[in-house]
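Here's the letter readout for the chains.
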Amino acid sequence: MISNMLSRKYTIFYPLCCRLLSSQLSTSATAIGTGTGATGLLGFEELKTKDNFIDFATKSINNCDQLRNILHNVDNISHQNPQDSLLIIDAISNELCKVLDSMEFIRNAHESEEYQKQAQKAFEKMSIYMHDLNSDTIIYKRLQEIIVLMKELKINLTHEERKFAIDMHDEFVTEGIQYHDIDHIDYNSNISIEINILKNNIVQLESQYMQNMTNADLNTTPGRFLLGPFDNEEDQDYILLYGYMNNIGIEQVYNGLQVPKGYIVCPNGSQGGNCRQLLISMMFTISSQKLRRMLWYELTQCPSANKAIFVQLITTRYQLSKILGYNSHSHRFQHTKLLNSQDEVYTFLQDFSNIIRNDAESELNTLKSLNLHNKHDKHDMSTITNIGPWDIDKLINQARKTTNTRASTNNGQSALEQISNYFPLGKCISSLQMLCYNLFDINMTQCTMTKHEKWVHNEQIFKYELIHNKTNESLGHIYFDLFQRSNKFNNNAHFTIQCGCSNNSPDLLINKYPIASNVSKDSKASKAKGS
C-alpha cells in the first residue's frame, strides 16, 4: 500500500502541457526518434545502450533552455502571438515528458539492473531540472500577461488553450513561484533557496524509495524469500511448502550463512520471479491459515531501508507544504485537483461507501460464513469475524468455486470455466484489434522489434502499430509486456512512454506520435503461447 501512495506526480510542466494542448492536435506519422526504422530502446534512436541515458537527458535540457530563451527574449506578450507562447511552453513539456516517461518505464520494467540504475540517474537529473523550470519567473509572467489579456477579451483562445493557461498559472502559484519572483510582495531569497533544497530532497527520497522497491524483494536480499520458522521438519506446513518449493529449487545459504533450521529459502536469480508468482498462487489455494499468514507477511513487507526513507519523505513533504502555506502535503496535493479540499474528498468517499455498502456487507458475510466453515472448532463462534488479509484471496476463490459449482452447465463446466475459455491471450489480442477497427477505423498490426528496442532479450514482448484505415497514417505504437520474469515490475500497469503531438506552427514544428506499454505481472508464457 505504501508504494501506491508514492505514485509519481510531475508538477507544472508535466503532465499538464503535453496532456492539454497536445490533445487538440492531430497526431502525425512523422516522429522524433520513433520512426519504424528506429533501432534504439523503445524506438528512441538516441537510446542504443544504457550509457546514452544521461546524454539523452542533457540534450533535452539543452533543447528546453533554447525554448526558454525564446520566451525570455520577448519584452512583452503583445510582441508575440499568445498561442505561440503557449506552444513553446508545451514544447518544453514535451521535452520533459520524453525523458521522464521513458526513464520511468525503463527504471521499472527493464530486465537489467544496470539499465535501471542509469535510467534512475537520468530521471533524477531531469526532475531536478524540472524544479528549476518551475521557478522560472519569466515563464510565469508570460502566463500572467496572457491571463490579463484573456480577462480583457483582447485575445481569442480556444477553451483548451484558456484552461491550459489558467491551470499552468495556478500550478506555478501552488509550487511557490511568489517566493522566487523579485517583483512579488512575498519574495524572499532565503525561502526560495530552502524551497529548492526541499524539492530536490523529495526527488532523491522518492527515487531511492522506488529503487529499493524495484531492486529488493524481501529481507534486503533481492529475489530471496525466507519462510519460517516451522516447529520442525515434520510440520505438515513445512512438508507442504517444501514440496512446492523443491520444484524450482531450494537454496541452502542465505545472506552468506547456512539457512537456519526450520526455515526454507526460495531461490535467487532467474528463478526469483517464478518463486514470487508461485507464492502468490499459493495464497489462493493453501488451506493452512498459518502458512498463508507466513506467505502474506513475506510477500507484502517493504525493504527495511524504506522505513526510514518513508519517515523522511513524510517530514520533508510536510515542511515544504507548510512553507508554501498549506496545512499538510495532502492539502497542497489536492489544491489543483477536481476535488480540491479534504471535505470534498471525504464527502465523495462517504457517498460512494453508501452506494456499495449493502453489496459489500453481503459479500463479507459470505466470506465470514466460509471462514467459519473452514474452522476445525465449529463451536467457537468468535472465529467467524477473524478474517485476516491472508484469508481474503483464498476465501474469494472458494466462494467463486462454490457459486460456479451451483451454476454448472450440462457439460460439467462451471460458468466461470466457460467464460475463461473465451480469454486466452490470442483471443484477447484479436478482440482488441477488432474493437480498434470497428469503433475507430484503426488497424492494429503486429510489427517486428529491432535489436536494441527491447527491454527484455527474448520473444516475450509484443509491439503493435496503430494505422488509420482510410489515410494509412501511423498513429502510434503499443508494447505488450505480459509474461512473468525475475525482478519484473510487480503490478499491472499502463505506461505512457511518449504522448502524441503535432502542430502547424511554421516557427515551431512538433511532430511525434504516441508510444505506450502495458505491463502485466501475472501472465504465464507457457499458457499463452500458441493461443
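Residues numbered from 1 in each chain as written. Predicted model: local features only at pLDDT ≥ 70, side-chain atom pairs only at ≥ 80, totals over all residues. Heavy atoms only, no water.

Moving on to helix α17 (residues 425–440). Compared with an ideal rise of 1.5 Å per residue, which puts 16 residues at 22 Å, α17 spans 22 Å between its outermost C-alpha atoms and is within 8% of the ideal. Looking one or two places after α17, you find Asp-441, whose phi comes out positive at around 60°. (Helix = DSSP H or I, 4+ residues; strand = E, 2+ residues; numbered from the N terminus. Expected span 1.5 Å × (residues − 1).)

What follows is about the confidence of the model for the protein. In this model, the protein carries a mean pLDDT of 75, and residues with pLDDT of at least 70 account for 71%. The lowest-confidence element of the protein is helix α1 (residues 2–5), averaging 28 in pLDDT; the highest-confidence one is strand β5 (residues 442–447), averaging 93. Under a pLDDT of 50 for its full length, residues 1–37 has, in the predicted model, 120 contacts with residues more than four places off or in other chains. Per-residue pLDDT stays below 50 along residues 217–222; that stretch engages in 22 contacts with residues further than four places along the chain or on separate chains. (pLDDT = per-residue confidence, 0-100. Contact = heavy atoms within 4.5 Å.)

What follows covers the nonpolar core. Core analysis: the largest hydrophobic core is formed by 54 residues, its most contacted members being Leu-42, Phe-53, Met-103 and Trp-455. Among residues more than four places away in sequence, those in contact with Met-103 are Leu-47, Phe-53, Phe-56, Ala-119, Ala-122 and Phe-123. With 15 residues, the next largest nonpolar core counts Tyr-238, Leu-241, Met-283 and Ile-286 among its residues. (Core = buried A, V, L, I, M, F, W, Y, C linked by side-chain atoms within 4.5 Å. Buried < 20%, exposed > 50% of the residue type's maximum accessible area, 1.4 Å probe, protein only.)

Before going further, it helps to examine the side chain of Lys-394. Considering the arrangement of structural elements, one finds Lys-394 in helix α15 (residues 389–406). Discounting residues that sit within four places of it in the chain, Lys-394 has contacts with Met-283, Phe-284, Thr-285, Ile-286, Ser-287 and Arg-292.

Enumeration over the complete set of coordinates arrives at 13 aromatic pairs. Ring centres of Trp-296 and Trp-390 lie 5.5 Å apart, and the angle between their planes is 70°; on these two criteria the pair is classed as edge-to-face. One end of the pair, Trp-296, is in helix α11 (residues 289–300); the other, Trp-390, is in helix α15, with 94 residues separating them in the sequence. The class for Trp-296 is partly exposed, based on a relative accessible area of 25%. For Trp-390, a relative accessible area of 13% gives the class buried. Put simply, the rings of Phe-105, Trp-455, Tyr-479 and Phe-495 pair up and form one aromatic cluster. When the ring centre of Phe-123 is taken as origin, the NZ or CZ atom of Arg-107, which lies over that ring, is 3.8 Å away. Taking NZ or CZ as reference, Arg-293 lies 5.7 Å from the ring centre of Trp-390, over its face. (Phe/Tyr/Trp six-rings, centres within 6.5 Å; stacked < 30°, edge-to-face > 60°. Lys NZ or Arg CZ within 6 Å of the ring centre and 35° of its normal.)

Time to look at a nonpolar patch on the surface. A grouping of Leu-338, Leu-339, Phe-348, Leu-349, Phe-352, Ile-355 and Ile-356 is seen on the molecular surface, where their side chains present a nonpolar patch of about 750 Å² in accessible area. The exposure class assigned to Leu-338 is exposed, which follows from its relative accessible area of 81%. (Patch = residues over 30% accessible without salt bridge, like charges linked within 9 Å, V, L, I, M, F, W, Y side chains within 5 Å. Areas by Shrake-Rupley, 256 points an atom, 1.4 Å probe, with all protein chains shown as cover. Salt bridge = Lys/Arg side-chain N within 4 Å of Asp/Glu carboxyl O.)

Next up on the list: the packing of helix α4 (residues 82–109) against helix α7 (residues 159–174). Where α4 meets α7, the axes come as close as 11 Å, and the angle between the chain directions of the two elements is 60°. Viewed along their axes, α4 and α7 adopt a mutual orientation that is oblique. For the pair α4 and α7, the sense of crossing is left-handed. Here Gln-83, Leu-86 and Ile-89 of α4 lie close against α7, whose contacting residues are Glu-161, Phe-164, Ala-165 and Met-168. Taken together, the residues of the contact of α4 with α7 sort by class into five nonpolar, one polar and one charged. (Axes fitted to C-alpha atoms, helices over the stretch in contact; angles between N-to-C directions. Parallel < 35°, antiparallel > 145°, perpendicular 65-115°, else oblique. Left-handed = near helix turned anticlockwise from the far one by under 90°. Nonpolar A, V, L, I, M, F, W, Y, C, P; charged D, E, K, R; others polar.)

So, about the packing of α4 against helix α6 (residues 137–151). At a minimum axis distance of 11 Å, the contact between α4 and α6 shows a crossing angle of 145°. Taken as a pair, α4 and α6 cross one another with a handedness that is left-handed. Note on element contacts: α6 touches α4 through Ile-139, Leu-143 and Ile-146, opposite Pro-82, Ser-85, Leu-86, Ile-89 and Ile-92. Taken together, the residues of the contact of α4 with α6 break down into seven nonpolar, one polar and no charged.

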